[in-house]
Amino acid sequence: QVQLVESGGGLVQPGGSLRLSCAASGSIFSTNAVGWYRQAPGKQRELVARIDSIYRTNYADSVKGRFTISRDNAKNTVNLQMNSLKPEDTAVYYCNLYERIWQRDYWGQGTQVTVSS
């Protein structure tokens, strides 16, 4: 079983920065892809950034050049550095781990990010 716990959300002004962190329990973290998704009110959940077990990354076009995803397998953590934040980045951000053998998704509880002046 895997548990994911996010932290680091909050209120920030446009142009500001936030760093989200996700801590994972269990022993499967290092061998699977992890990522961040977000869901704004009235919208579907969407992929923000993802990093696989060999550190390949992909990003949503809307965040390229502003957000950076990283992982630390020794600490079972995945981070999302968010710079140059825009009001449209406002959403609940969810940490995700995709367990490839059983093709199962694990989700955190979500953390609110609000970008507003």
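Predicted model, so just to flag it, every value in this text is computed and none were measured.

Asks: How should the sheet that holds strand 3 (residues 18–24) be read in this particular structure?
Replies: Two orientations exist for strands paired in a sheet by backbone hydrogen bonds: parallel and antiparallel. Strand order across the open sheet formed by four strands is 1-3-8-7, with antiparallel pairing between neighbours. Two strands close off the open sheet at either side, each with one partner strand: strand 1 (4–7) and strand 7 (67–72). Between one strand axis and the next, the sheet turns through 15° on average, direction left out of account. Pairing of strand 3 with strand 8 (residues 77–82) involves six bridges; the strand directions are antiparallel. Note on strand 8: the bridge partner recorded for Leu20 is Leu80.

Asks: I keep staring at unusual backbone geometry and nothing clicks. Help me out?
Replies: The general pattern is negative phi for most residues beyond glycine and trans for most peptide bonds. Of note, Ser84 is a non-glycine position whose phi angle comes to about 50°, a positive value. Among the structural elements, Ser84 can be located in the loop between strand 8 and strand 9 (91–99). Its identity as a non-glycine residue notwithstanding, Gln103 has a phi of 50°, on the positive side. Inspection of the secondary structure puts Gln103 in the loop between strand 9 and strand 10 (104–107).

Asks: Any chance you could explain the state of the cysteines here in plain terms?
Replies: Note on terminology: disulfide describes a covalent bond linking the sulfur atoms of two cysteines. Under the criterion given, the structure shown has one disulfide. Through a disulfide, Cys22 is tied to Cys95; the S-S separation comes to 2.1 Å. Negative torsions about the S-S bond denote left-handed disulfides, and the value of about -85° found for Cys22 with Cys95 makes this one left-handed. Note that Cys22 is positioned in strand 3 and Cys95 in strand 9, a separation of 73 residues in sequence. You can call Cys22 buried: its relative accessible area is 1%. Classification of Cys95 as buried rests on a relative accessible area of 1%.

Asks: Just to check I follow, could you spell out the pairing of strand 4 (residues 33–39) for this structure?
Replies: Regular strands place side chains that alternate from one sheet face to the opposite one. Most of strand 4 sits out of view: five of its seven residues are buried. Note: strand 4 against strand 9, seven bridges, orientation antiparallel. Bridged to Trp36 within strand 9 is Cys95. Across five bridges, strand 4 lies against strand 5 (residues 46–51) in antiparallel orientation. Residue pairing across strands places Val34 opposite Ile51, the latter belonging to strand 5. The hairpin formed by strand 4 and strand 5 contains six residues between the paired strands, and Gly42 there has a positive phi angle of roughly 75°.

What counts and what doesn't
Residues numbered from 1 in each chain as written. Predicted model: local features only at pLDDT ≥ 70, side-chain atom pairs only at ≥ 80, totals over all residues. Heavy atoms only, no water. Pairing = 2+ DSSP bridges. Helix = DSSP H or I, 4+ residues; strand = E, 2+ residues; numbered from the N terminus. Axes fitted to C-alpha atoms, helices over the stretch in contact; angles between N-to-C directions. Disulfide = S-S within 2.5 Å. Buried < 20%, exposed > 50% of the residue type's maximum accessible area, 1.4 Å probe, protein only.

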